[in-house]
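The lines below spell out each chain.
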Amino acid sequence: MRNLLKFLLTLTVALLLMMAFRALAFTIYSVDGDGLEPEFIKGDRVMVNRWSYGLRTGGNRLFSYGRLCRQPMKRGDIVAYEYPTEKGHYRVLFGRLCALPGDTVYYNGEVGLVPGLANCADADYYWVQALNEKNPTDSRQLGFISEQRIIGRAFLVVYSHATDSSLVSGYRNERFLLPK
């Protein structure tokens, strides 16, 4: 009985540590669309560093939003961000940071930036854009993305699996542990 309790305690601690690591440090998300081709393709499982810009805190009714150990976001970074759906849930999308707070953005079919002029991109809002113009879901449709919604920087394709393949086949070996 004593050995069983030790085993259950060890298993519980391991699961709690794994959940804390996943929630606070790194998370793997699946790429569902083709907006970032050829950098990321549909079926890629991408690791996102939640600490890349500082750990998000609060943002709910109890605590106000903030970031611990805040780091500046850089133009050109590929980020994962949350976007609310009609049902009140959040969908995770990927995009490249094109405009930072303080940049002016004008859009007439093409995005133009005027760095350093405070206008459209007020503090804590970013313009996120897809690489592939075919069917993008980015700031051209969604508007500016709040810093509060940015999860972190995508930095590694852990593995890739074709969505139309079975569980045991369809893995893309050339995309295994592919750094970005």
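Residues numbered from 1 in each chain as written. Predicted model: local features only at pLDDT ≥ 70, side-chain atom pairs only at ≥ 80, totals over all residues. Heavy atoms only, no water.

The next thing to look at is the overall build of the protein. On a plain count of helices and strands, the protein comes out with two helices and twelve strands. In the protein, the succession of helices and strands from N to C terminus is α-β-β-β-β-β-β-β-β-β-α-β-β-β. For the protein, with 180 residues in total, the buried portion stands at 37%. Taking the intrachain contacts of the protein between residues at least 6 apart in sequence as the baseline, contacts between residues at least 24 apart amount to 49%. Accessible surface for the protein amounts to roughly 11200 Å². Of this, 59% is attributable to carbon and sulfur atoms. (Helix = DSSP H or I, 4+ residues; strand = E, 2+ residues; numbered from the N terminus. Buried < 20%, exposed > 50% of the residue type's maximum accessible area, 1.4 Å probe, protein only. Contact = heavy atoms within 4.5 Å. Areas by Shrake-Rupley, 256 points an atom, 1.4 Å probe, with all protein chains shown as cover.)

What follows is about the pattern of salt bridges. Enumeration over the complete set of coordinates arrives at one salt bridge. Its salt-bridge partner being arginine 149, residue glutamate 82 comes within 3.6 Å of it at the nearest N-O pair. Of this pair, glutamate 82 sits in strand S5 (residues 78-84) while arginine 149 sits in the loop between strand S10 (145-146) and strand S11 (150-160); the two residues are 67 residues apart in sequence, bridging distant segments of the chain. (Salt bridge = Lys/Arg side-chain N within 4 Å of Asp/Glu carboxyl O.)

Looking now at the packing of aromatic side chains. Here a ring pair, both rings aromatic, is described through the centre-centre distance and the interplanar angle of the planes. Within the structure shown, the criterion is met by three aromatic pairs. Between phenylalanine 26 and phenylalanine 155 the ring centres are 5.7 Å apart and the planes differ by 55 degrees, which places this aromatic pair in the tilted class. Residue phenylalanine 26 is located in strand S1 (residues 26-30), and its partner phenylalanine 155 is located in strand S11; the two are separated by 129 residues in the primary sequence. For phenylalanine 155, a relative accessible area of 21% puts it in the partly exposed group. Taken together, a centroid distance of 6.0 Å and an interplanar angle of 40 degrees make the contact between phenylalanine 40 and phenylalanine 94 tilted. Here phenylalanine 40 is found in the loop between S1 and strand S2 (44-49), whereas its partner phenylalanine 94 is found in strand S6 (residues 90-99), with 54 residues between them in sequence. (Phe/Tyr/Trp six-rings, centres within 6.5 Å; stacked < 30°, edge-to-face > 60°.)

To continue, consider the pairing of S11. Most of S11 is tucked away: eight of the eleven residues are buried. Summarising the sheet, S5 and S11 pair through three bridges and their orientation is antiparallel. Bridge pairing in S11 links tyrosine 81 to isoleucine 150. (Pairing = 2+ DSSP bridges.)

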